[in-house]
Amino acid sequence: MATTAELFEEPFVADEYIERLAWRTPGGGSRGGEAFDPKRLLEEFVNHIQELQVMDERIQRKVEKLEQQCQKEAKEFAKKVQELQKSNQVAFQHFQELDEHISYVATKVCHLGDQLEGVNTPRQRAVEAQKLMKYFNEFLDGELKSDVFTNSEKIKEAADIIQKLHLIAQELPFDRFSEVKSKIASKYHDLECQLIQEFTSAQRRGEISRMREVAAVLLHFKGYSHCVDVYIKQCQEGAFLRNDVFEDAAILCQRVNKQVGEIFSNPETVLAKLIQNIFEVKLQSYVKDQLEEHRKSDAEQYLKNLYDLYTRTTNLSSKLMEFNLGTDKQTFLSKLIKAIFISYLENYIEVEIGYLKSRSAMILQRYYDSKNHQKRSIGTGGIQDLKERLRQRTNLPLGPSIDTHGETFLSQDVVVNLLQETKQAFERCHRLSDPSDLPKNAFRIFSMLVEFLCTEHIDYALETGLAGIPSSDSKNANLYFLDVVHQANTIFHLFDKQFNDHLMPLISSSPKLSECLQKKKDIIEQMEVKLDMGIDRTLNCMIGQMKHILAAEQKKTDFKPEDENNVLIQYTNACVKVCGYVRKQVEKIRNSMDGKNVDTVLMEFGVRFHRLIYEHLQQYSYSCMGGMLAICDVAEYRKCAKDFKIALVLQLFDTLHALCNLLVVAPDNLKQVCSGEQLANLDKNILHSFVQLRVDYRSARLARHFS
């Protein structure tokens with residue numbers, strides 16, 4: 001049986017159990033072999049089954065015995081629980097009886113206590129009244145004999161008595177008791193002074209417990225506020241020794257905040273009074289000294305000091321908000337700040353605008369002085385406007401242009417200085433303006449920026465640049481207006497960034513927003529008109545320069561050589577110089593513009609370039625070799641046009657190149673070429689005009705083929 005028990009392993013698996021049994025039986029290996037004995041294995045299985053049956057019977061008997069034992073113990077436990085429940089009910093009944101008895105006794109005790117109190121209270125009052133009458137008689141007799149008045153250690157008891165006598169004396173008629181009332185008042189005052197002196201001495205010694213005792217006694221005296229004043233005064237002794245009065249004030253208030261609750265019964269009132277004293281005495285005096293020194297003599301320093309002092313005061317106020325100062329500490333602190341700065345904030349914006357105006361004018365004047373330039377007045381209205389419109393539409397030289405010697409009269413340093421001054425003004429405006437006046441004040445500062453940056457600087461530079469653009473028929477003209485455009489674009493971006501970063505937050509929720517946006521839009525549109533006008537004139541000058549190059553370099557014999565068989569050049573000298581000039585101008589345009597403006601200007605330049613070449617080619621007659629040379633020139637122009645990276649310009653030169661093929665194609669192939677993809681959609685007159693340029697056009701054969 002022991003062997004059988006050994007075969008059981010956890011977890012039990014029947015197949016493995018049979019396998020182990022067969023493996024342990026001699027000659028009973030599961031894989032067979034020479035020693036395999038099936039009879040012996042069968043015999044072993046039969047014996048093992050019998051053993052298992054015997055084991056099962058034994059286990060079953062044991063289980064039945066355990067079940068009977070469990071049932072017996074369950075009955076005994078249930079019986080025991082019933083007995084305990086009965087005992088618990090009896091104990092609960094006894095507890096209820098005891099509770100009722102205790103309540104009855106307590107009621108009796110309370111009733112007895114009330115009776116005793118009803119008897120004792122009048123008795124105590126009578127005793128106290130008797131003592132007060134005794135002390136009052138001493139004042140009537142004029143001699144204070146009681147130990148409570150003569151012993152300095154009993155000042156607390158004396159203070160309580162004299163305070164009560166003082167209240168009683170207030171009710172007595174003056175004519176009969178004037179003398180005693182005077183004596184009581186005198187003693188009241190003496191004790192009050194002694195208590196305040198004792199409080200002062202305790203504060204100097206740092207005895208918090210003694211200060212608390214004296215303050216509690218003084219609480220019922222009229223001089224309690226004087227006690228608080230003394231405490232506040234002594235707290236500040238030696239507290240303001242450094243240069244930073246604001247940091248000293250914060251440290252002092254933090255120290256007092258931890259201490260005042262241990263001394264006074266109303267710590268929030270005492271702390272608020274300390275803060276009020278600091279603001280009205282220390283801070284107000286400090287602010288006045290700092291501001292009055294520069295108020296009339298140095299506006300810049302005055303504004304910087306005002307901003308700095310107001311900021312540090314509000315930061316101090318934020319730190320003090322952490323303390324308990326009563327119900328509405330925000331309003332309390334705001335009133336203290338307003339009381340200090342009200343005289344300076346009332347006219348702040350006028351000082352700001354005046355300083356900004358003078359400072360901006362000085363920055364501009366200093367710049368023009370460094371250039372040895374005297375600003376000229378830009379004429380407006382009447383004849384000047386008429387001249388401007390005529391110049392724009394006809395490009396006629398209506399007066400001598402101004403030679404700016406390459407100077408754009410735009411300065412990054414000037415712009416940065418103006419924007420920096422305005423940025424600081426916006427920051428001061430945000431901090432120092434009343435919330436209701438903030439949008440209006442910010443708009444005034446923005447107007448100053450528009451006046452000096454946009455009108456006095458950028459607009460003046462544009463007007464000067466326009467006046468400096470030479471007429472389109474000038475030779476070897478220097479074109480500087482694109483430099484003006486480049487710098488103006490950069491300045492516009494800086495101007496727009498400041499508008500969004502510093503002005504928008506101040507006006508975003510006010511009606512001034514639309515007014516500022518409209519003002520910005522108007523000034524930009526006004527300048528864009530002048531930029532467009534200047535770019536248009538510059539492009540005309542570029543085309544004029546190219547005309548001069550073509551007129552000077554292009555010869556009639558280029559396209560009708562005397563010796564058709566001895567042409568050695570790939571393209572004409574005029575073409576080389578024009579392409580070189582165009583590439584320089586394209587690069588300059590790319591460097592001067594940004595965004596879509598680059599493509600817009602290059603497209604306009606490319607169209608005018610094409611028109612110039614087209615009209616130029618129309619002026620000559622072409623032999624066969626001359627036509628080939630013209631095709632080579634146009635191919636070079638087309639290669640130059642690729643630098644524009646504008647599809648329309650390249651398409652125009654592709655078409656022009658196809659048209660030039662009409663100058664060399666055999667007469668029999670003219671119609672076929674004209675019906676090609678690039679020329680099929682062109683007007684027949686254009687095709688005819690190019691065919692007419694051939695030297696052999698008059699031949700009957702050519703005319704017949706093209707008709």
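Residues numbered from 1 in each chain as written. Predicted model: local features only at pLDDT ≥ 70, side-chain atom pairs only at ≥ 80, totals over all residues. Heavy atoms only, no water.

S.K.: Residues and numbers for the packing of helix α20 (residues 596-617) against helix α22 (residues 647-660), please.
M.R.: Two numbers describe how α20 lies on α22: the axes approach to 9 Å, and their chain directions differ by 15°. Between α20 and α22, the angle falls in the class roughly parallel. For the pair α20 and α22, the crossing hand works out as left-handed. Contacts between α20 and α22 pair Leu602, Met603, Gly606, Val607, Phe609, His610, Ile613, Tyr614 and Leu617 from the former with Leu648, Val649, Leu652, Phe653, Leu656, Leu659 and Cys660 from the latter. Each residue belonging to the contact of α20 with α22 can be placed in one class, and the counts come to 14 nonpolar, 2 polar and no charged. (Axes fitted to C-alpha atoms, helices over the stretch in contact; angles between N-to-C directions. Helix = DSSP H or I, 4+ residues; strand = E, 2+ residues; numbered from the N terminus. Parallel < 35°, antiparallel > 145°, perpendicular 65-115°, else oblique. Left-handed = near helix turned anticlockwise from the far one by under 90°. Contact = heavy atoms within 4.5 Å. Nonpolar A, V, L, I, M, F, W, Y, C, P; charged D, E, K, R; others polar.)

S.K.: Explain the pattern of salt bridges to me, using residue names and the numbers behind them.
M.R.: Inspection of every chain in the model, using the stated rule, returns 25 salt bridges. Where Glu350 meets Arg444, a salt bridge forms, and the shortest distance between an N and an O atom there is 3.0 Å. Taken together, the positions of Glu350 in helix α13 (residues 348-370) and Arg444 in helix α16 (residues 438-468) put the pair 94 residues apart, joining distant regions of the chain. Residue classification places Glu350 among the partly exposed positions, given a relative accessible area of 46%. For Arg444, a relative accessible area of 29% gives the class partly exposed. Through salt bridges that share partners, Asp244, Asp308 and Arg312 make up one connected network. (Salt bridge = Lys/Arg side-chain N within 4 Å of Asp/Glu carboxyl O. Buried < 20%, exposed > 50% of the residue type's maximum accessible area, 1.4 Å probe, protein only.)

S.K.: Any details on unusual backbone geometry? Residues and values, ideally.
M.R.: Notably, Asn372 is not glycine yet its phi reads approximately 55°, a positive angle. If you trace the backbone, Asn372 turns up in the loop between α13 and α14 (382-394).

S.K.: Outline the packing of aromatic side chains, supporting the account with residue identities and numerical values.
M.R.: Following the criterion strictly, the structure yields 16 aromatic pairs and no others. Ring geometry for Tyr231 against Phe264: centres 5.2 Å apart, planes inclined by 70°, an arrangement best described as edge-to-face. With Tyr231 in helix α8 (residues 224-235) and Phe264 in the loop between α9 (245-263) and α10 (267-292), the pair connects residues that are 33 residues apart, well separated along the chain. Each member of the pair, Tyr231 as well as Phe264, is classed as buried. Plain terms: the ring middles of Tyr614 and Phe690 are 5.7 Å apart, the flat faces sit at 50° to each other, and that makes the pair tilted. With Tyr614 in helix α20 and Phe690 in helix α24 (residues 684-691), this pair connects stretches of sequence that are 76 residues apart. The buried category is assigned to Phe690, whose relative accessible area is 0%. Grouping aromatic residues by their ring pairs yields a cluster made of Phe605, Phe609, Tyr637, Phe644 and Phe653. The ring of Tyr460 carries the charged tip of Lys375 above its face, separated from the ring centre by 4.7 Å. One residue, Lys512, lies across the ring of Phe443, its end atom 4.6 Å from the ring centre. (Phe/Tyr/Trp six-rings, centres within 6.5 Å; stacked < 30°, edge-to-face > 60°. Lys NZ or Arg CZ within 6 Å of the ring centre and 35° of its normal.)

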